[in-house]
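What follows is each chain in one-letter form.
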Amino acid sequence: MKIGILALQGSFAEHAEILQTIGADFSFVRCREDVQGLTHLIIPGGESSTLTKLLKDSGMWEEILKQVQDDTLQILGTCAGAILLEKLGMDLYCDRNGYGAQQESFLADLQSEKFPNLKGVFIRAPKFSRVGKKGINLATLQKEPVMVEQGNFLALAFHPELVGETRIHEYFLKK
Amino acid sequence: MTREKNTFALKSGLARMLKGGVIMDVMNARQAQIAEKSGAVAVMALERIPALIRREKGVARMSDPKLINDIKKAVTIPVMAKVRIGHFVEAQILQALDIDFIDESEVLTPADDEAHIEKSEFRLPFVCGARNLGEALRRIQEGAAMIRTKGEAGTGNIVEAVRHWKQIQREIHSLTKANINARAKEYGVKRNRVDDVFQARRLPVVTFVAGGIATPADAALMMQMGAEGVFVGSGIFESEHPEKMAEAIVQATMNYDKPEVVARVSEGLGEPMKSFAIEDLEHKFAER
């Protein structure tokens, strides 16, 4: 098992704190070579257009896509990370900033059987307006999906890394 | 079903999502699109970039709401805009325009020479400039969710940004258990504000560098010094090839620790913005 956190831009330090809390070894992923041999990759919150561009320019995108196609890489994406999962082939439709601009950012209780008493921080968050047939809703907000698992992909519209929530990372690392 | 909104955690949370990125000054929708395409994490909408404000003089104010709305429509990345120091009505207007972040900025002509805006009363997050720890903590106490060095905007000269960054770091690291009370008094902030910095050895909010970044190397320099991201004002759209410069500064900010990448992206960028020695300036914005 080899865990990497994409550390180009966004909330990678916050994801690192969560992994440190649960005692998981990880490395920061900042170039193509860093992607090779990973079993688990975390794509943090940030700006999806920035992340996409930086990934493509550095050749990391190709490498990640190859591992996705070879079925060798588990990926957790939060917020912007979820938008990237859609671009990497997850059957999910993300409506960018679907919950509105910054004034509409919010913290709310989520409904989840797997993760009781889960809270979600949504910051200019994408709305999952369509979930593919193979997608499993793991958490909802007023019946809307906000955490979807599909094969090797785990997409979250919110930021567990901002509130010290460790259960989702633990779940992801068991995949 | 309750939703907590507009809390400090949500405001500073957006700043965290911008970390490692470049925020670019833009004066119209077309420039905003160039910025987004180059990989900017946010745009700062303003009528005149700092270099033009310096050249044209007069009073610099918040931009025309039409310009801000046009820019908002043109991009999906966060949109920021500037208000004059202390001008809380300009801030109310920006909030009504539903942008994402307000910069209470010394680049514009101050509206109040005694007080800054009481930022905690607003729903939108604010970023403010600072030259030293006291200034940064006063702004944070007023509600700022992000800090940037002031540097000296519109000069293309990085020296003031370096000075302010080092000053803030020096003051953070000179805090001791014994001097917290005295420092709090000196800075005019509550003791726990200083104590938080002493414990964490950093400011409690995301801290970018601004004011004088003109080349990819300038951006990488500030990142190597520990900045969490950079604002580039005139450096892009006052340069000879804005698209190339924008992309190069984004790449250099991300690859700040890889000189071979910074070297490659610095090739053939043409002329940077027209730049000035600090001692030749008529006004220092940072003193506002």
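Residues numbered from 1 in each chain as written. Chains lettered and ligands numbered in written order. Predicted model: local features only at pLDDT ≥ 70, side-chain atom pairs only at ≥ 80, totals over all residues. Heavy atoms only, no water.

Quick word on the pairing of strand E3 (residues 42-45) of chain B
Residues and elements named next belong to chain B.
(1) Moving on: Alternating positions in E3 separate into two faces, Ala42 and Met44 on one and Val43 and Ala45 on the other, with burial throughout.
(2) Moving on: With four bridges connecting them, strand E2 (residues 22-26) and E3 associate as parallel partners. Bridging across to E3, Val26 finds its partner in Ala45. (Buried < 20%, exposed > 50% of the residue type's maximum accessible area, 1.4 Å probe, protein only. Helix = DSSP H or I, 4+ residues; strand = E, 2+ residues; numbered from the N terminus. Pairing = 2+ DSSP bridges.)

Things to note about the packing of helix H3 (residues 48-57) of chain A against helix H12 (residues 242-254) of chain B
(1) Moving on: In contact at an axis separation of 12 Å, H3(A) and H12(B) are set at 80° when each is read in the N-to-C sense. As judged from the angle between their axes, H3(A) and H12(B) are roughly perpendicular. Residues A:Lys53, A:Leu54 and A:Asp57 of H3(A) form the contact with H12(B), whose participating residues are B:Glu247, B:Val250, B:Gln251 and B:Met254.
(2) Moving on: Taken together, the residues of the contact of H3(A) with H12(B) break down into three nonpolar, one polar and three charged. (Axes fitted to C-alpha atoms, helices over the stretch in contact; angles between N-to-C directions. Parallel < 35°, antiparallel > 145°, perpendicular 65-115°, else oblique. Contact = heavy atoms within 4.5 Å. Nonpolar A, V, L, I, M, F, W, Y, C, P; charged D, E, K, R; others polar.)

A closer look at the sheet that holds strand E2 (residues 27-29) of chain A
Residues and elements named next belong to chain A.
(1) Moving on: Spatial ordering of the open sheet is given by E2-E1-E3-E4-E11-E10-E9, a layout of seven strands whose pairing is mixed. Because the sheet does not close on itself, it has two edges, and the strands there are E2 and strand E9 (136-141). Taking the axes of each pair of neighbouring strands and ignoring which way they run, one obtains an average angle of 20° across the sheet.
(2) Moving on: Bridge count between strand E4 (residues 74-78) and strand E11 (residues 153-156): four bridges; the pairing is parallel.

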